[in-house]
Amino acid sequence: MQFGRTTLSKFVIEQTRGQHSEMGALLIDVAAAVKTISAMVGKGALSGFSGALESTNVQGEVQKKLDVLTNEAMLRHCEWGGQLAGMASEEMDEPYRIPEKYPRGRYLLIFDPLDGSSNSDVNVSVGTIFSILQRDEAGDAEAADYLQPGHRQLAAGYAIYGPATMLVLTVGTGTHGFTLDRESGNFQLTHPDIKVPEDTREFAINTSNERFWEPPVQRYVEECKAGKTGVRGADFNMRWIASMVAEVHRILMRGGIFMYPKDNKDPAKPGRLRLMYEANPMAMLIAQAGGAASTGRQRIVDVAPEALHQRVPVILGSKNEVERVERYHHEYDTGADRPFVSPLFSDRSLFRDPA
Ligand code: AHG
Ligand code: MN
Ligand code: MN
């Protein structure tokens, strides 16, 4: 145990002093929720909470007992303090109204209480992701208050429940990592001012979806796989944990690119990950660490949300690789990646033969 380290509480109070001190108090409650969840998931099969429920969430996904319990933990720890106008989560169809007995504030807390929950029964790292927005004044939030683009986030973070529990946080002044000291119960600042290397030779994508991807993503991954023998002239390594928090954490620690791109597997879903409580908070954390986060066609944080649970393509990580994938999308959209096909007869041409 070290006495000299900065605790999460000290960091948050110092960073939010003044205009956003109420948000500081909220972040300390989020950290308390995360400690509860860490203890819960850390028990593994001994907790008796493993397995699925009969219920499905708004996205039609089978809920796990832990999805519901971790959602409750977030609500109970954060509802009472008077900082919030409301909360929304992956596991609740509609936003949560703060109970009458508690005061209201102006902040909005949006979260994925247990990301990667399909991994919880196999003892792989899972996490909690959260985003904080605000409305103009204190009071009960309307559904429309939540629909703000990611660049309006005041704070974002995730907890990762791995061999160590960590909380990685930004309040707009860099991305900082805290490790839970299980003896003292404190989060200690262990990774100040994390920076994502601009270049990488490591990519992460679920290649079982390859045939459903758009051509620019197929092109990028093909080139990575061709390694030294292809246009990249360098070998690439691949990782896929199927737990976004673990994936993003690895990228913050050593660089890389993570993609859950648009695919045509289910035309009703323009991606797998959810904008408000997965993509936006991770995009802010990555940007604050010097990386980039894109849909392939625009910055994730510039996507104007239309619905709380909407999905979005996600391409994030080391800046130069994300920009390359964006360029491939642009070249595809303009036909520049097919220089030998006359634009008059490309599949986006007005003159395309309808047959
Ligand atoms: P959740 O458990 O909150 O539904 O999210 C899981 C997400 C994310 O963690 C991961 O990147 C992705 O789902 C994995 O999806 P596939 O199983 O389709 O690869
Ligand atoms: Mn998730
Ligand atoms: Mn989840």
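Everything numeric in this text was worked out from a predicted model, so none of it was measured.

## Regarding the overall build of the protein
At step 1: Check the secondary structure of the protein and you find seven helices and 16 strands.
At step 2: Relative to its 355 residues, the protein shows a buried fraction of 53%.
At step 3: Taking as baseline every contact in the protein between residues at least 6 positions apart, the subset at least 24 positions apart corresponds to 64%.
At step 4: Total accessible area on the protein is roughly 16000 Å²; 52% of this is exposed by carbon and sulfur atoms.
At step 5: Put simply, the protein has 39 plus and 46 minus side-chain charges, and the middle of one group is 4 Å from the middle of the other.

## Some words on the side chain of glutamate 321
At step 1: Note on placement: glutamate 321 falls in helix α7 (residues 319-334).
At step 2: Using a relative accessible area of 2% as the deciding quantity, one classes glutamate 321 as buried.
At step 3: Side chain to side chain, glutamate 321 and tyrosine 220 meet in a polar contact 2.5 Å long.
At step 4: Residues in contact with glutamate 321, not counting those within four places in the same chain, are Glu198, Thr200, Arg201, Tyr220, Arg232, Phe236 and Ile257.

## A few points about the coordination of the manganese ion (ligand 2)
When four donors bind a metal tetrahedrally, each ideal donor-metal-donor angle is 109.5 degrees, and when six bind octahedrally, the ideal angles are 90 or 180 degrees.
At step 1: Asp112 (OD), Asp115 (OD) and Glu278 (OE) make up the full set of protein donors to the manganese ion (ligand 2), lying at 1.9 to 2.2 Å.
At step 2: Motif for the manganese ion (ligand 2), donor spacing along one chain: D-x2-D-x162-E.
At step 3: Separating the manganese ion (ligand 2) and the manganese ion (ligand 3) is a distance of 3.6 Å, and aspartate 112 donates to both of them. Of this pair, aspartate 112 sits in strand β4 (residues 107-115) while glutamate 278 sits in helix α6 (residues 275-288), and the two are 166 residues apart along the sequence.
At step 4: The class of aspartate 112 is buried, set by a relative accessible area of 0%.

## Overview of the site of ligand 1
At step 1: Not every one of the 18 residues close to ligand 1 is listed here, only the nearest: Glu90, Gly116, Asn206, Met244 and Tyr260.
At step 2: For ligand 1, an oxygen atom lies 3.0 Å from a polar atom in the side chain of aspartate 112.
At step 3: Between ligand 1 and the protein, one listed contact pairs an oxygen atom with a backbone N or O atom of serine 117 at 3.0 Å.
At step 4: Protein chains bury 86% of the 470 Å² of accessible surface belonging to ligand 1 in isolation.

## Observations regarding the sheet that holds strand β9 (residues 186-191)
At step 1: Taken in spatial order, the seven strands of this open sheet run β3-β4-β5-β6-β7-β8-β9, and their pairing is mixed. Looking at the sheet topology across the chains shown, the edges are occupied by β3 (84-89) and β9. Each strand axis lies, on average, 20° off the axis of its neighbour in the sheet, ignoring direction.
At step 2: Helix α1 (residues 8-16) contacts β7 (165-170), β8 (176-181) and β9 of the sheet and is inclined by roughly 5° relative to β7.
At step 3: Those strands touched by helix α5 (residues 244-254) are β4, β5 (126-134), β6 (155-161), β7 and β9, and its axis lies near 105° from that of β6.

## Here we look at the domain arrangement of the protein
At step 1: Domains assigned within the protein are domain 1 (8-191) and domain 2 (202-334).
At step 2: The C-alpha-based centres of domain 1 and domain 2 are spaced at 24 Å.
At step 3: Taken together, the contact pairs 48 residues of domain 1 with 32 residues of domain 2.
At step 4: The junction of domain 1 with domain 2 conceals about 2800 Å² of combined surface from both sides, 64% of it contributed by carbon and sulfur atoms.
At step 5: The tally of links from domain 1 across to domain 2 stands at one salt bridge.

## Observations concerning the environment of asparagine 209
At step 1: The topology assignment puts asparagine 209 in the loop between β10 (202-205) and α4 (215-226).
At step 2: Look at asparagine 209 and you get buried, because its relative accessible area is 2%.
At step 3: Sequence separation between asparagine 209 and aspartate 263 is 54 residues; the distance between their C-alpha atoms is 7.7 Å.

## Notes on the coordination of the manganese ion (ligand 3)
At step 1: For the manganese ion (ligand 3), the protein coordination sphere consists of Glu90 (OE), Asp112 (OD) and Leu114 (O), at 2.3 to 2.4 Å.
At step 2: Sequence positions of the donors to the manganese ion (ligand 3) reduce to the motif E-x21-D-x1-L.

## What to know about the packing of α5 against α6
At step 1: Close contact between α5 and α6 brings their axes to 11 Å; oriented N to C, the two are set at 10°. Overall, the two elements α5 and α6 adopt an arrangement that is roughly parallel. Taking contact as the criterion, the partners of Met244, Val245, Val248, Ile251 and Leu252 in α5 are, on α6, Glu278, Met282, Leu285 and Ile286.
At step 2: For the contact of α5 with α6, the residue count by class is eight nonpolar, no polar and one charged.

Criteria and thresholds
Residues numbered from 1 in each chain as written. Chains lettered and ligands numbered in written order. Predicted model: local features only at pLDDT ≥ 70, side-chain atom pairs only at ≥ 80, totals over all residues. Heavy atoms only, no water. Helix = DSSP H or I, 4+ residues; strand = E, 2+ residues; numbered from the N terminus. Buried < 20%, exposed > 50% of the residue type's maximum accessible area, 1.4 Å probe, protein only. Contact = heavy atoms within 4.5 Å. Areas by Shrake-Rupley, 256 points an atom, 1.4 Å probe, with all protein chains shown as cover. Lys, Arg positive; Asp, Glu negative; His and termini not counted. Charge placed at Lys NZ, Arg CZ, Asp CG, Glu CD. Polar contact = N/O pair within 3.5 Å; in protein donor to acceptor, adjacent residues only side chain to side chain. Donors = N, O, S within 2.8 Å, 3.2 Å for Na, K, Ca; no water. Near = heavy atom within 4 Å. Pairing = 2+ DSSP bridges. Axes fitted to C-alpha atoms, helices over the stretch in contact; angles between N-to-C directions. Domains from an automatic or database assignment. Buried area = accessible area lost by both parts, 1.4 Å probe. Salt bridge = Lys/Arg side-chain N within 4 Å of Asp/Glu carboxyl O. Parallel < 35°, antiparallel > 145°, perpendicular 65-115°, else oblique. Nonpolar A, V, L, I, M, F, W, Y, C, P; charged D, E, K, R; others polar.

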